[in-house]
Amino acid sequence: MTYQPPVREFTFLLRDVLQIERYANLPAFADASIDTVEAVLEEAGRICAEVLAPLDRVGDREGCHWSPDFTVRTPAGFKQAYAQFVAGGWPGLGAHTEYGGQGLPAVVNLSVSEMSSAANMAFAMYPGLTHGAYSAIHKGGSAEQKALYLPKLASGEWSGTMNLTEPHAGTDLGMLRTKAVPQGDGTYKISGQKIFISAGEHDLTENIVHLVLARIEGAPAGVKGISLFIVPKFLPDAEGKPGQRNAVKCLSLEEKMGIHGNATCVISHEEATGWLVGEENRGLPLMFVMMNEARIGVAVQGLAQAEAAYQEAAAYAKERLQGRSLTGPKNPEGPADPIIVHPDVRRMLMEAKAVIEGGRALLLWTALHGDLAKAGGDEAAKTKGEDYMALLTPVLKAFLTDRGFLIASDAMQVFGGAGFTENFAASQHLRDSRISLIYEGANGVQALDLVGRKLAANGGRAVMSFFADVDAYVAAHQDDDALKPFVEGLVQAKGQLQEATMWLMQNGLANPDNAGAASTDYLHLFALTGLAFAWAQAAEAANGKIAAGETDPFYAGKLVTGRYFLARVLPEAASRLAKLKAGAELMMALPAEAF
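Throughout what follows, the structure given in this document is the object of discussion.

Thresholds applied
Note on numbering: residues in each chain are counted from 1, in written sequence order. Given that this is a predicted model, residues contribute local features only at a pLDDT of at least 70 and side-chain atom pairs are listed and counted only at 80 or more, while totals for whole chains, interfaces and linings are drawn from all residues. Water and hydrogen atoms play no part in the side-chain values, which are based on all heavy atoms of the structure. Residues enter a nonpolar core if they are buried and are Ala, Val, Leu, Ile, Met, Phe, Trp, Tyr or Cys, with the set joined through side-chain atoms within 4.5 Å. Buried, partly exposed and exposed residues are distinguished by accessible area as a fraction of the type maximum, computed with a 1.4 Å probe on protein chains only: under 20%, between the cut-offs, and over 50%, respectively. Helix and strand definitions follow DSSP, with helices as H or I runs of at least four residues and strands as E runs of at least two, each counted in order from the N terminus. Residue contacts are counted whenever heavy atoms from the two residues lie within 4.5 Å of one another. Helix axes are fitted only over the stretch in contact, all axes being lines through C-alpha atoms; the angle between N-to-C directions runs from 0 to 180 degrees. Angles below 35 degrees are treated as roughly parallel, those above 145 as roughly antiparallel, those between 65 and 115 as roughly perpendicular, and all remaining angles as oblique. Left-handed describes a crossing whose near helix is turned anticlockwise from the far helix by less than a right angle; the clockwise case is right-handed. Each residue receives one of three labels: charged for Asp, Glu, Lys and Arg, nonpolar for Ala, Val, Leu, Ile, Met, Phe, Trp, Tyr, Cys and Pro, and polar for the others, Gly being one of them.

### What to know about the nonpolar core
Phe466, Tyr522, Phe526 and Phe565 are the most contacted members of the largest nonpolar core, which totals 188 residues. Among the elements that make up this core, the one with the highest residue count is helix 8 (residues 283–319) (19 residues). Here Phe565 is in contact with Ala354, Leu528, Leu531, Ala532, Trp535, Leu570 and Pro571, once residues within four sequence places are set aside. If you look at the next biggest cluster of nonpolar residues, it comprises six residues, including Ala122, Ile259, Val298 and Tyr439.

Next comes the structure, spelled out in structure tokens:
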């Protein structure tokens, strides 16, 4: 089937739920009228459906091609599609106007990113990583570095990567060995090997800008001694054009389970020329600008693959004839009924639909707060936006990728045995989605970050602000009969999340293993509460449309899906609470040799 971009969903969320036109007085939203945004989404959807989606299976089957001259060729059609993508100005959608970007809010950019990732995840990673490199240089680069690199990255003429992981140093970046030797002229010689470098080498752009973590000679051990460097594939000449080839080589491509159309490289820096970004030994905070943006991007990937897999499964379920409905034939003229009549098939499709739509609403709600933090509004909005981005980034990354993979697995189940073959896209969605649980910080690490850092930051200000926002919403809508089940569900979930938070405060400090053992369940409980909040807001908007006389079945369908979430998904919150309160004792009781 052909991917159907959910433009209607995005328009509903941006116009009716988030009501982004309320912020038209802020510079960041000045060019984001809903008419403009809808036009952008429609055109982006067309490109994704007509240009990127047809190459998804091509990239999966063909993969990338490494050559002994250390270059990589992308799958057939990728180069032409990328040129079309660049010609349309899509890489610069969220980049600042002073560097040639279009300056649209992140909440719009992420909507486009979901469509491109659903249409072709491997392709979308090339411009996605580039925007992350742009953000890191914009945050910490010198005026000269910004002037040289940002316009090229914003236009998509050059691409970007992040070089963190080494064969012996993954999550623990303090162990990295890549070294930087100052040359006395403002440059450094960078030496070391990096692995798992997405888009590390390819033929889509005329230059690749590697952002590399390395340790300057004599720097402190551990993470306190890490610096960040720009190491381009080609050294820019006096005119800022690609000049001499730098000593950066792609030694090989990783053989992977999925995302075959993206070049995942082993990169060797052999006294390559690099330039320091920001201050010495302060590289990790800058790299986290890129990494945190990437984590939101990975949350989008989880959601996007879930959407693509769901669409495939729903279309198949309406066409595949097998068995008869338990309540009597629904296709009496045919040999069997379509499998969508069967309750268990409906269960899988409804679970997917409820999580995808609620997850999308929570993701965009969070992104909007991030936009407001940068929009030049009042200080309270800035603080809240920064707090929510920090607090909810690990929640969104881990939850949406965990559930995205499960949805892709259920989608394969809908296909039955056919899904286990390569005749349909079900297996590719399952394979592609699996990496999202691992990279940019494995989901277990995200959970530890949430309970170990984000909850306690600034005296718990972010989580207390979230609870206050929920309470304010409940108080404002508790007398709305049409919204009653959504408000009641939200109240119950919030109460369970508060209880879990108090348990962590009382038991996590006394025994850190309690916090670690509870962390994943706590993260999922937080996410379910967030989805309950998002669904309440979506239901409010849908009720408003229906009350105003709208007869479009979209709004009634939205309410049915939301009620399914309340009845069949949200009850998981209670089990998450029970499990986390069990503590660490039994989890840690067996000696290592017993495993």
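### Some remarks on the packing of helix 9 (residues 343–374) against helix 10 (residues 379–415)
Between helix 9 and helix 10, the shortest axis-to-axis distance is 8 Å and the interhelical angle comes to 160°. Here helix 9 is positioned roughly antiparallel relative to helix 10, judged by the angle of their axes. When the axes of helix 9 and helix 10 are compared, the crossing they make is left-handed. A per-class count over the contact of helix 9 with helix 10 returns 21 nonpolar, six polar and six charged.

### Here we look at the packing of helix 15 (residues 512–547) against helix 16 (residues 553–569)
It is the contact of helix 15 with helix 16, at a shortest axis distance of 9 Å, that shows an interaxial angle of 155°. Comparing the axis directions of helix 15 and helix 16 gives the class roughly antiparallel. By crossing handedness, the relation of helix 15 to helix 16 is classed as left-handed. Along the contact surface, helix 15 presents Leu528, Leu531, Ala532, Trp535, Ala539, Ala542, Asn543, Lys545 and Ile546, while helix 16 presents Tyr555, Ala556, Lys558, Leu559, Thr561, Gly562, Phe565 and Val569.

### Focus on unusual backbone geometry
Residues other than glycine predominantly adopt negative phi, and peptide bonds predominantly adopt the trans conformation. Phi is positive for Ala199, which is not a glycine, with a value near 60°. The topology assignment puts Ala199 in the loop between strand 5 (188–198) and strand 6 (207–216). When its relative accessible area of 1% is taken as the criterion, Ala199 is described as buried. A positive phi angle, near 40°, is found at Ile259, a position not held by glycine. With respect to the helices, strands and loops of the structure, Ile259 is situated in the loop between strand 10 (248–253) and strand 11 (264–277).

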